[in-house]
Amino acid sequence: APSAPVPAKFAGGNVRISLVRQLSSGDYFEQWLAGAQAEAKALNVRLEVSSGDGNNDKQALNLEQAVTAKSDAIIVDHGFAQTVQPAVKKAVAAKIPLVAFDVDPGAPEAVALSQDDHAIAEQALGALKADTGGSGEVVYVYVAGFAPLDRRNETWEQFKKDNPGIKQVAQIGVVNSSTASAVADQAKAALQANPGAKAIFAPYDEFAKGAALAVKELGLAGKVKIYGADVSTADIGVMTEPDSPWVATSATDPANVGRVAVRAAALLVAGESVDRALTVPPSLITQKGLRDAGITSVEQLTRAFPGLTTPDVARVPWTAS
Ligand code: SR1
């Protein structure tokens, strides 16, 4: 039950929160937005959404516009520090509360929200290690500059030091509006050049989907296994199809993370205190676990893994959940 009355500001439906995104295409970003919109509706908030569609200058401009429009709060979703931070400073100067998801806001006043990216990489790599015995040739998928991928990369670098039998034979990666098919092309070339590779570490679901396509098209299922990150209903379909090489993924529920972002922003609008660093923990999801439990959708997954829903992260006292 709610432990506080609804603040007057929220009763009239006039609270405006700007969601300023760097990226919007792909399963992860679509689910995240659906969660953010559902939470905004539940809190009687107007969520004004913009996307840079991968254009960092456009995202920075959208952020400037949210400041000029005097939004009640701003959520910055991904982005590169150098393009986002100047406008974040303006938001802080204008006393607009700000939540930064997966981007360093460069301002102690902002709430920094992330998934536990080190745990994401550790869980996926733990599965890789268990399957390979800690040795073998691995293709790695990575693009620098995205905060979550950079944090996962720190864990990968440490993992290679701790497991000298693991040899990275190729690094590939691209992030654009058709990431999976671009990565599929790159993965095919990397696997053809490195016929001894037995694993692909692809810690973003668009990377993993592309890698799965490459393995399938080269007829290497059974020989090369994929360890990924993120989950969606479509990803579950790819992981559980016959002969799928994608055997493990470490993930949060993206919709839950979108909900947390909106709750944190709403708490700031209400003048409530919010931790300056909020972290959402992941769960390790395996192909075997999905198949054994007959899980075919994220809805079923969240029932099987209650830890994927985190009502205590940025809990709003005036709502029931
Ligand atoms: C391009 S960055 C992609 C990542 O952002 C989110 O943190 C998701 O987990 C995804 O893997």
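Scroll up a little and you will see the structure.
The shown structure was predicted, so the numbers you read here are calculated from the model rather than taken from an experiment.

Here is what the cut-offs are and how they apply
- Residues numbered from 1 in each chain as written.
- Predicted model: local features only at pLDDT ≥ 70, side-chain atom pairs only at ≥ 80, totals over all residues.
- Heavy atoms only, no water.
- Near = heavy atom within 4 Å.
- Polar contact = N/O pair within 3.5 Å; in protein donor to acceptor, adjacent residues only side chain to side chain.
- 1 Å grid on protein atoms, 1.4 Å probe; cavity = no way out; pocket = protein on both sides within 12 Å on 5 of 7 lines; lining within 4 Å.
- Sits in = over half its atoms within 2 Å of the grid points.
- Domains from an automatic or database assignment.
- Phe/Tyr/Trp six-rings, centres within 6.5 Å; stacked < 30°, edge-to-face > 60°.
- Helix = DSSP H or I, 4+ residues; strand = E, 2+ residues; numbered from the N terminus.
- Buried < 20%, exposed > 50% of the residue type's maximum accessible area, 1.4 Å probe, protein only.
- Arc of directions from axis to C-beta.
- Contact = heavy atoms within 4.5 Å.
- Points joined across faces, edges and corners; volume = space filled by probe spheres on them.
- Nonpolar A, V, L, I, M, F, W, Y, C, P; charged D, E, K, R; others polar.
- Core = buried A, V, L, I, M, F, W, Y, C linked by side-chain atoms within 4.5 Å.

A. Quick look at the site of the ligand. Around the ligand sit Tyr 28, His 78, Asp 102, Gln 115, Phe 146, Pro 148, Arg 152, Pro 203, Tyr 204 and Asp 230, and those are all the residues in its vicinity. A distance of 2.5 Å separates an oxygen atom of the ligand from a polar atom in the side chain of Asp 102. Separating an oxygen atom of the ligand from a side-chain N or O atom of Asp 230 is a distance of 2.6 Å. Judged by the proximity of its atoms to the pocket grid, the ligand belongs to the largest cavity. Counting residues domain by domain, the shell around the ligand receives three or more from each of domain 1 (8–114 + 254–280) and domain 2 (117–251).

B. Highlighting the packing of aromatic side chains. Using the criterion set out here, one finds 10 aromatic pairs in the structure. Consider the rings of Tyr 140 and Trp 156, whose centres lie 5.1 Å apart with planes at 35°: the pair is tilted. One end of the pair, Tyr 140, is in strand β6 (residues 136–141); the other, Trp 156, is in helix α6 (residues 147–162), with 16 residues separating them in the sequence. Both rings, one in Tyr 140 and one in Phe 201, keep their centres 5.7 Å apart while their planes meet at 10°; by these two values the pair is stacked. Note that Tyr 140 is positioned in strand β6 and Phe 201 in strand β8 (residues 197–202), a separation of 61 residues in sequence. With respect to burial, Tyr 140 and Phe 201 carry one shared label: buried. Here a set of aromatic residues connected by ring pairs shows up, and it is made of Tyr 140, Tyr 142, Trp 156, Phe 159 and Phe 201.

C. Structural detail: helix α9 (residues 233–240). Taken as a whole, α9 has its buried residues at Asp 235, Ile 236, Val 238 and Met 239. Around the axis of α9, the buried residues are gathered within 160° of arc, so they sit on the same side. Of the surrounding secondary structure, the elements contacted by the buried residues of α9 are α2 (27–42), α8 (205–217), β10 (246–251), β12 (283–286), α11 (287–293) and α12 (298–304).

D. Region of the structure containing the layout of surface pockets. In this structure, the largest pocket occupies an estimated 230 Å³ of space. If you trace the largest pocket, you find 19 residues lining it, with Leu 23, Ser 25, Asn 176, Ser 177 and Thr 179 closest to the centre. Of the residues that constitute the lining of the largest pocket, the class distribution is seven nonpolar, 10 polar and two charged. If you count residues domain by domain, the lining of the largest pocket takes at least three from each of domain 1 (8–114 + 254–280) and domain 2 (117–251).

E. Geometry of the nonpolar core. Membership of the largest hydrophobic core comes to 90 residues, with the highest contact counts inside it found for Ile 200 and Phe 201. Tallying contributions element by element places helix α10 (residues 254–269) first for this core, with 10 residues. Ignoring anything within four residues of it in the chain, the contact list for Ile 200 reads Val 138, Val 139, Val 141, Leu 191, Ala 211, Val 215, Val 224, Lys 225, Ile 226 and Tyr 227. One finds Val 88, Ala 91, Ile 96 and Ala 110 within the second-largest nonpolar core, a separate group that totals 16 residues.

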